[in-house]
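Coordinates in review
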Amino acid sequence: MSKVSRCLLAIIVCGLCCLEAAAQCPARPNPGSVVQDALSLSSQNGVLNARFTMGNSVDTFGYTHYCYKYETANGPVEAPTLRLNPGDRLLLNVKDRITTDGAEAMSEMDPMSGATAKTCGDTGAMTLQSTNVHFHGLNVPPVCHQDDVLTTLIQPGSPGFEFNIQIPTTEPPGLYWYHPHVHGFTEFQVNGGAAGAIVVEGMDKVRPEVAGLTERVFVVRQQYLVPWVPGPYELTLNYQVANPPLFPAPIVQMKAGEKQFWRVANATIQDFMPLQVWLNGIPQNLELIALDGYPLAAPRTVQTILVPPAGRAEFIVQGPPTGSSEQFIALAYSTGPTGNPDLEQVLANIEVSDDARGGFKQPTAESTGPAISRDQLKFAGVKDVTPTAERKLYFSEEFGGTNGPIQFYITVDGQKQQVFEPNEKPVITTKVGAVEDWTIENRALETHDFHMHQIHFMMLEVDGKPVANQDFRDSFEIPYWSGSGPYHSIKVRMDFRDPTTAGTFVFHCHILLHEDLGMMHKILVQPQ
Ligand SMILES: [Cu+2]
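Cut-off values and rules
- Residues numbered from 1 in each chain as written.
- Predicted model: local features only at pLDDT ≥ 70, side-chain atom pairs only at ≥ 80, totals over all residues.
- Heavy atoms only, no water.
- Salt bridge = Lys/Arg side-chain N within 4 Å of Asp/Glu carboxyl O.
- Helix = DSSP H or I, 4+ residues; strand = E, 2+ residues; numbered from the N terminus.
- Buried < 20%, exposed > 50% of the residue type's maximum accessible area, 1.4 Å probe, protein only.
- Disulfide = S-S within 2.5 Å.
- Core = buried A, V, L, I, M, F, W, Y, C linked by side-chain atoms within 4.5 Å.
- Contact = heavy atoms within 4.5 Å.
- Donors = N, O, S within 2.8 Å, 3.2 Å for Na, K, Ca; no water.
- pLDDT = per-residue confidence, 0-100.

**Comments concerning the pattern of salt bridges**
Close approach of charged atoms allows side chains with opposite charge to pair. Using the criterion set out here, one finds 19 salt bridges in the structure. Of the charged contacts in the structure, one is a salt bridge between Asp413 and Arg443, with a shortest N-O distance of 3.8 Å. Of this pair, Asp413 sits in the loop between β27 (405-412) and β28 (428-431) while Arg443 sits in the loop between β29 (435-442) and β30 (448-452), placing them 30 residues apart in sequence. Look at Asp413 and you get partly exposed, because its relative accessible area is 40%.

In structure tokens form, the structure reads like this:
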């Protein structure tokens, strides 16, 4: 953990230096206030043009904030929701203004990631002050100026970097998100709050159950103080600290008995969230509409929705009856003997208000349109394709004395266990047109969270048994090994038929510390 300790030391040093530059990030909401949705930026005439500045500052409690700042006539706001239609173009300019105070401490950190041959954006070493953007879940090319996290680098003070991405016309309507993805430093910036929602519009065209409903976008983030201390990491709901009884719960207002369409992103660094809504302590039915931005084949009535780190769940919630309130809760989740406990936490109290506030999107006439069949979306038909290859991968950990796991691996079965290096060769090579079935096993005493860039995968099996619902996912939990018996595993179908998958990209564990420490590798999809 020596590298990590150095990183943390650097952050402490930096944090102190940054105090003078405080307030660089917009203020975050006070505990116990009414939860507001982020500002929505919608595409106009097929284009969404926006400019973000990544900044950082330290708040009065000592938490370091990293923020995607967006200037409005009323001053800067943080992490707007980007709303686009399938086929629209996103032109996003990102400047890096992470403070350069503490540069001496930062220079200590360069060897953490090593130099790599940069080919996209700025040059120089990857440091805590470097940034870039990953468009999590979007099925877009892994190339420069689109969704390339391997070589894209935006350095402090440079004029800025332009992302230019066309949302595919066949992109599933749903909730996606953006966050930094510089190897070795992702956790710190996401922990600081650098994450926002992306909505690909049109869910009501695939799942008419949501048509006309008031929509809420909730981003659950996680923040902890450094140095790292095991304990109840605080979850925040749209940047409001949600940790009763230490702080009053955030307030979500609904009309009595009103049905709303909630779109929830897990932008935490490591929290597996079994979500529930309670009325008088009893879990209520939720109508699940989409997972990881992909509409389900049919809505599903459930009481608990497990959302792993980086996952998204979109569902219909019914407001409490007059004279009562509900609670929106993330239950406890065990991540195993070497994992960190995910504690139960109230995310919000849901209160009845005839004048419900929240800055959210009201249903509009434009939100309706011709129906879209799931057969018209990305990956349609892959269920019936005979796979061209089968692969097996596994998560594992290595121990150092009594200090717990010190190395985190994801390995293609038969290859040597090794941590990710920026200059490594891809551990998997395939080609456009391939359809592959991958089994991913967890041999560690800790739950891990498999994430694939560029494509969703279709769920085939969990623990060797066919799944009841072949959902398309981009992040999925694989529970820890208990120390005896078979390993837990998932079997998924990877669809590389679309030529836009060509290029080199990554798959990794989305517990961000694990990713930063190298539980990640490259795949090369060769063009046809
Ligand atoms: Cu992991």
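**Re unusual backbone geometry**
Even without being glycine, Asn280 reaches a positive phi, approximately 50 degrees. Locating Asn280 in the fold gives a position in the loop between β18 (273-279) and β19 (282-283). A relative accessible area of 65% places Asn280 in the exposed class. Although it is not a glycine, Asp463 adopts a positive phi angle of roughly 50 degrees. Note on placement: Asp463 falls in the loop between β31 (457-462) and β32 (465-466). Classification of Asp463 by relative accessible area gives partly exposed; the value is 34%.

**Observations regarding the state of the cysteines**
Summed over all chains, the structure comprises two disulfides. Between the sulfur atoms of Cys25 and its disulfide mate Cys67 the distance is 2.1 Å. As the torsion about the S-S bond is roughly -90 degrees, the Cys25-Cys67 disulfide counts as left-handed. A residue pair is termed long-range when its members are at least 10 positions apart, and Cys25 in the loop between α1 (2-18) and β1 (40-42) and Cys67 in strand β3 (residues 64-72) qualify at 42 residues. Accessibility expressed as a relative area gives 5% for Cys25, which makes it buried. On the accessibility criterion, Cys67 (0% relative accessible area) is buried. A sulfur-sulfur distance of 2.1 Å marks the disulfide that ties Cys120 to Cys144. Where Cys120 bonds to Cys144 through sulfur, the torsion about that S-S bond is close to 85 degrees, and the disulfide is right-handed.

**Digging into the nonpolar core**
In this structure, Trp438, Phe450, Met452, Phe496 and Phe507 are the most contacted members of the largest nonpolar core, which totals 43 residues. Looking at which element gives the most residues to this core, the answer is β31, with four residues. Excluding residues within four positions of it along the chain, Trp438 makes contact with Arg391, Leu393, Ile428, Phe450, Met452, Ile490, Lys491, Val492, Met494, Phe496, Phe507 and Ile523. Within the second largest apolar cluster, 37 residues are counted, among which are Leu128, Val133, Ile154 and Phe185.

**Brief notes about the coordination of the copper ion**
The coordination sphere of the copper ion contains the protein donors His448 (ND1), Cys509 (SG) and His514 (ND1), at a distance range of 2.0 to 2.1 Å. All donors to the copper ion come from one chain, and their sequence spacing reads H-x60-C-x4-H. The burial state of Cys509 is the same as that of His514; both residues are buried.

**Quick notes on the confidence of the model for the protein**
Here the protein shows a mean pLDDT of 89. Residues at 70 or above account for 88%. Counting interchain partners and residues more than four positions distant, the pLDDT-below-50 stretch residues 102-115 has 27 contacts.

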